[in-house]
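# Fold and contact review
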Amino acid sequence: MSDDIKYLPGHEPHPRETRRIFRNIYRVGYDTSIKCFIKDGGYETLKKALTMEPAEVIAEVKKSGLRGRGGAGFPTGVKWTFIPRGNTKPVYLVCNCDESEPGTFKDRYIVHQDPHQLIEGMIIACYAVQAHFAVIYMREEFPEAANIMKKALAEAEKKGFLGKDILGSGFDLKIILHRGAGAYICGEETGLINSIEGLRPYPRIKPPFFPAAIGLYGCPTIVNNVESLCQVRQVLMRGGEAYAAEGAQRSPGTRIIGVSGDVKRPGVYEIISGSLTYGEMLNEVCGGPRRGRTFKAIIPGGASAKVMRCDEVLKGRNPDGSVRKMSIFDVPMDLDSIAQHGSMSGSGGVIVMDDSRSMPKVLNNLNRFFAWESCGQCSPCREGNPWMLKLSTRICEGKGSPEDVDLLKSVADNICGRTVCAFGEACSWPTQAFTTKFREEFLALTKPINALKPHSAEAAEARKFLTRDDEA
Amino acid sequence: MSTQPAILPKDAAAAEGKVNVQINGKWYRFPKGMRIADACNSVGVHVPCFCYHPKLSVAGSCRMCLVEQGMPPRLAPGATPTYNEDGYQSISWMPRAVIACANTVAENMGIRTDGKLCAEARRGVLEFLLSNHPLDCPICDQAGECKLQEYTADYGSGTHRFTEAKTKKGKNISIGPRVNLDQERCVLCRRCVRFMKEIVGEEVLGVVGRGTHNAIACYPGKALDSNYSMNVVDICPVGAMTSKDFRFKMRVWFLKSTPTIDVTNGTGTNINLWTREQQVYRITPRQNDEVNSCWMPDDARLAYKYINAPERLLTPLVRTDAGAPQRPSTWDAAIGLVVEQLHKCAPSELAMIASARMTNEELYMVRALAKQLGITKLDIVPRSCEPDNMLKSADANPNSVGAKLVLGKSGSGLATIRRGVRNGSIRFLIALGEDLTAPEAGFTKDDLAGLDYLLCVSHSANDTTRAADVVLPGVTFAEKYGTMINVTGRIQRLNKAIEPLGEARADWGIYRSISEALGCDCVTVIACPSPMMVLEQMAEEFEPMKGLSWGSIGNEGKAIIDTGVSIPLIEREQAKK
């Protein structure tokens, strides 16, 4: 079937890609209308799902081993079963389209170019958990996607895929689009729920506020990522077992990898989970480093994942159990492999840095992001992030001392694991990893000779105190 | 496996609806659902908290209460748990600390607050809170009762690693008529936000700004002007919210706090009276879950200024000739003069106005005095106010129930006395603790001028004392012991915080002295050495007070009469449980 699909020039899939979710991205002659989607076999999976019992749909998703694509990788089917038994309150489903992790840019393609795929996945998911009201929480930065999605929702309702008694199944569903105001923390599921409720997006404490038990307006709420919901459609389309058979054993299916940074061909690539290593991805698919450069570091799963050095020697295990030495380039791109080496695959945003990059500056940039995006609810994150930013800025400006590098790491250690939400880890992991793995670069900046650019006004100002009066 | 007890502790605890929890190596039993912080504090293991307040919802945001927690190891399928010789399972400790305020106790849970993990977490959180804190303790009113100060001394690191520029926020912001806000001192526990939303029901305060620029602020166009606004000053763990009335007046460590009750309303809000030497500086609510929870209205809180006001009467005053000015006198001379006049007067020409602001003991002495004089025209001044559906009841007298019990009066006879004064049948009036020219009493200055003789006992000068022939200086609630019965029928104690000012004397003693000078020979009256002994006399005489003593009332008081009245705020709080 994929043979007769034509893609826009420059957007053709790489031979090692397997396009499922991204089947219609940059496809020639494909637009966001429902007509186009139905012609391509859209909403057929929904019809199939509606003939099944909701429990069967959940069982199918559980069987598939589908894991969430928002970053944490929690099994989607298991999450759905967390709705308390004997629940009498309404159940809500929220689609997390607040894709705000720096380095992650996969969901935006779906909502911009193939919105009905998401809607169909959502209807199936809502049917499975028996939710009659669902929200697409879309970030502020997608104004065009919001228009597209609104139009798509109206079309789907007109065609009877949404609203009362969907396709004669007796199942009702209303989906609304809710737009955020551009805050990273709204991607955290309980912060997102507070935001929908019109409150400050302070993440809620867990326990007791696990969304599946006490979520939106105190009712059980399932929060799923855009790609996860599209994958639900794939599971139903292909069948749970067939889905589970493909790709890495513990994280089956396809994955969308967004590669950004210092490679020849950055972009989004859909691959079978685990079918490529980082080396194959970066060197083959993305064309390797830019001219004359070598890879220095990789952040494998969005800005908050711990950075990996490219010359780092990792311990891998051969099939016979013996230990072999390997590098980040030998690690397969599934959800778990990279986690064994101290980082995470997260949302699939791979950020690549070559030898032209100053790591303290990279970290400073990340710290600036996290300091601005901290919601300010809990003390360690609120006060720790600006402190880390101030320290890394000072080091980058050459005004730091070697002790400041240790202090920076120590501040991160004090945030990690002590906050209300996972932001505490997200903001402290980069600092912990950068200062540990690239310590020499930080220390180099604390030496005065490297710190001061020779002809800057700043250097002249600093030299004022280094020069004796009688010499002048 | 070693021997196990016949009945496992978990089963024994479950039978009582409790769970076994190990805290710092010792096993305790707590009711199910109890918060870890409350459990630890109840057995003397201190868990520091900023944001957690037992009366408010849990925020869990300050992260100060992080403790190390452990549970029995998860069993493999089909495996049975093993117990040690005491009947407990082993505990596997979690690598991450948990907050003690949001998590509840569970069977065989382990809590450690003396370990490295907990100490480091506390030190870390304090370091963060202090990093952008102005460290202006020397000029901060909260110093001495500041949680940040206390916890830093207890758990902080003692050294300072933050050398960057601090975040600038608003200072000395007037967010209401009685409260000032310093956003830089704030630790953003949001207790004030939750108090206004959950207890008062007015959403006035909120948080603005993101990240380190988070700050408490009023919603646009609103002010923190509720009559309960000053409670945020009490619950603020740091010096962010300060009372405009108290700020810069006195260092709290110089103050003595005396547990007593509020006398501006029938609710009898439990308070602490903060004094230094003979001066009262402030009033704060004292927790009593049956009366006022942890709160009090602002008007009652500020009703202490008259205690040290220049209007206070410090010596007995007498007027020897009609039309002459009052002159200071001595107690013996003044009482002698009163007795001389009273002897001249027929009981039918006498009337006495007492007060429901008196303690039970004073009322008892008033009754004895009335009996000695043969007075039949006796009543109190009723006083009402607008109830606020919170803590203020419609009865503005603090001891109406006591007055009804002791004197059998509730103000209905006041009009008769007024009429008697106006038609000349009453020639001699005794005003005890009441200003008769106040609207609720209803006398005019002319009424009082028309009397042959007016005796007045009062703590402050007013139009009645100015018209009186003899004025005997009594004391305010801050200067006396006694008991009052609130609108719900709860007897509560007043404690003396300062000595009577000048030559003023406790009112009950004044009435006793007059009775004695009039020739009263009743030992239960004249032999009473103290209000506590009066209370014991009363306990024998009045059925509802049977068996009561000063000690048995305690600081929380005792419900003795069922009046059928309840306090709305307390009702709501108990319904929530």
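Every value quoted in this text rests on a predicted model; they were computed, and no experiment measured them. (Residues numbered from 1 in each chain as written. Chains lettered and ligands numbered in written order. Predicted model: local features only at pLDDT ≥ 70, side-chain atom pairs only at ≥ 80, totals over all residues.)

When its secondary structure is counted, chain B shows 18 helices and 24 strands. Expressed along its principal axes, the backbone C-alpha trace of chain B runs to roughly 95 × 65 × 35 Å. Considering chain B as a whole, with its 577 residues, one finds that 48% of them fall into the buried category. Put simply, of all contacts in chain B between residues at least 6 apart along the chain, 66% involve residues at least 24 apart. (Helix = DSSP H or I, 4+ residues; strand = E, 2+ residues; numbered from the N terminus. Buried ≥ 20, exposed ≤ 12 C-beta atoms within 10 Å, placed from the backbone. Contact = placed C-beta atoms within 7 Å.)

We now examine the overall build of chain A. Helix and strand counts for chain A stand at 18 helices and 11 strands. For a compact globule of 472 residues, the expected C-alpha radius of gyration is about 23 Å, and chain A comes in at 24 Å, within 12% of that figure. Counting only C-alpha atoms and orienting by the principal axes, one finds that chain A spans roughly 95 × 50 × 45 Å. Evaluated residue by residue, chain A yields a buried proportion of 54% over its 472 residues. Taking all contacts inside chain A whose residues are at least 6 apart in sequence as the whole, residues at least 24 apart take part in 70%. (Rg over C-alpha atoms; globule rule 2.2 N^0.38 Å.)

This part covers helix H4 (residues 147-155) of chain B. Residues and elements named next belong to chain B. Looking only at H4, the buried set comprises Leu148, Tyr151 and Thr152. In a view along the axis of H4, the buried residues occupy a sector of 105 degrees, so they form one face of it. Opposite the packed face of H4, turned more than 90 degrees from it, sit the exposed residues Ala153 and Asp154. In the core, the buried residues of H4 are packed alongside helix H3 (116-131). (Arc of directions from axis to C-beta.)

In this section: the sheet that holds strand S8 (residues 179-181) of chain B. Residue and element names in this part refer to chain B. Judged by pairing direction, the sheet is antiparallel, and its three strands sit side by side in the order S7-S8-S11 without closing on themselves. Pairing within the sheet leaves two strands with one partner each, and these edge strands are strand S7 (173-174) and strand S11 (241-243). Here S7 pairs with S8 via two bridges, running antiparallel. Opposite Ser174, over in S8, you have Asn180 as the bridge partner. (Pairing = 2+ DSSP bridges.)

Another point: the domain arrangement of chain B. Residues and elements named next belong to chain B. Split by domain assignment, chain B resolves into domain 1 (9-114), domain 2 (130-248) and domain 3 (317-562). If you look at the interface, domain 1 gives 10 residues, while domain 2 gives 12 residues. Of the residues contributing to the side of domain 1 that touches domain 2, the split by class is seven nonpolar, three polar and no charged. (Domains from an automatic or database assignment. Nonpolar A, V, L, I, M, F, W, Y, C, P; charged D, E, K, R; others polar.)

Residue and element names in this part refer to chain A. Along the chain, Val91 falls in the loop between helix H4 (76-80) and strand S1 (92-97). Once the C-alpha coordinates of Val91 and Pro220 are considered, the two residues, 129 residues apart in sequence, prove to be 5.1 Å apart. Ignoring anything within four residues of it in the chain, the contact list for Val91 reads Ile83, Val129, Gln130, Ala131, Cys219 and Pro220.

Quick look at the confidence of the model for chain A now. Summarising the model, chain A shows a mean pLDDT of 92, and 94% of its residues fall at 70 or more. A low-confidence stretch, residues 465-472 of chain A stays under pLDDT 50, and its non-local contacts, those more than four residues away or across chains, total one contact. (pLDDT = per-residue confidence, 0-100.)

Residues and elements named next belong to chain B. Strand order in the open sheet made by the three strands is S12-S13-S14, with antiparallel pairing throughout. Because the sheet does not close on itself, it has two edges, and the strands there are strand S12 (256-261) and strand S14 (279-285). Pairwise comparison of adjacent strand axes, ignoring direction, gives a mean angle of 30 degrees for this sheet. Pairing geometry for S12 and strand S13 (residues 270-276), over six bridges, is antiparallel. From the neighbouring strand, Thr260 faces S13, where its bridge partner is Ile271. (Axes fitted to C-alpha atoms, helices over the stretch in contact; angles between N-to-C directions.)

This part is about the nonpolar core. By size, the foremost hydrophobic cluster in this structure holds 291 residues, and its most contacted members are Val94, Cys95, Met122, Ile123 and Ala134 of chain A together with Cys65 of chain B. Here this core gets 10 residues from one element, more than from any other, and that element is helix H6 (residues 115-129) of chain A. For Ala134 of chain A, the residues in contact, after removing those within four places along its chain, are Tyr92, Leu93, Val94, Cys95, Met122, Cys126, Leu173 and Ile175 of chain A. (Core = buried A, V, L, I, M, F, W, Y, C linked by C-beta atoms within 7 Å.)

Residue and element names in this part refer to chain A. Packing of H6 against helix H9 (residues 226-238) leaves a shortest axis separation of 8 Å and a crossing angle of 75 degrees. Classified by the angle between their axes, H6 and H9 sit roughly perpendicular to one another. Of the residues in H9, those touching H6 at Gln117, Leu118, Glu120, Gly121, Met122, Ile124 and Ala125 are Val226, Leu229, Cys230, Val232, Arg233 and Leu236. Residue composition of the contact of H6 with H9, by class: nine nonpolar, two polar and two charged. (Parallel < 35°, antiparallel > 145°, perpendicular 65-115°, else oblique.)

Counting from both sides, the interface comprises 25 residues of chain A and, opposite them, 29 residues of chain B. Elements that contribute at least two residues to the side of chain A that touches chain B include exactly helix H12 (359-373), helix H13 (379-396) and helix H14 (402-415) of chain A. Residue contributions to the side of chain A that touches chain B peak at nine residues, all from H13 of chain A. Among the residues forming the side of chain A that touches chain B, the class breakdown is 11 nonpolar, nine polar and five charged.

Another aspect to go through is the pairing of strand S10 (residues 323-326) of chain A. All names here are of chain A. One ladder, built from four bridges, connects strand S9 (residues 314-317) with S10; its direction is antiparallel. Bridge pairing links Lys315 to Lys325 in S10. The hairpin turn running from S9 into S10, its antiparallel successor, is five residues long, and Gly321 in that turn takes a positive phi close to 100 degrees.

With an omega of -5 degrees, the peptide bond between Lys206 of chain A and Pro207 of chain A qualifies as cis. Mapping Pro207 of chain A onto the fold places it in the loop between helix H8 (189-196) and strand S4 (221-225). For the peptide bond that leads from Pro207 of chain A to Pro208 of chain A, omega is 5 degrees, which places it in the cis range. Unlike most non-glycine residues, Tyr217 of chain A shows phi in positive territory, near 50 degrees. Looking at the secondary structure, you find Tyr217 of chain A in the loop between H8 and S4. For Tyr217 of chain A, a count of 13 C-beta atoms within 10 Å gives the class partly exposed. You will see that Arg190 of chain B, though not glycine, has its phi angle at about 65 degrees, which is positive. For Arg190 of chain B, a count of 24 C-beta atoms within 10 Å corresponds to the buried category.

All names here are of chain B. Here Leu436 lies in the loop between strand S19 (428-432) and helix H12 (445-449). Classification of Leu436 by C-beta neighbours within 10 Å gives buried; the count is 28. If near-sequence neighbours (up to four positions away) are discounted, Leu436 is found in contact with Ile353, Ala431, Ala441, Phe443, Leu448 and Thr464.

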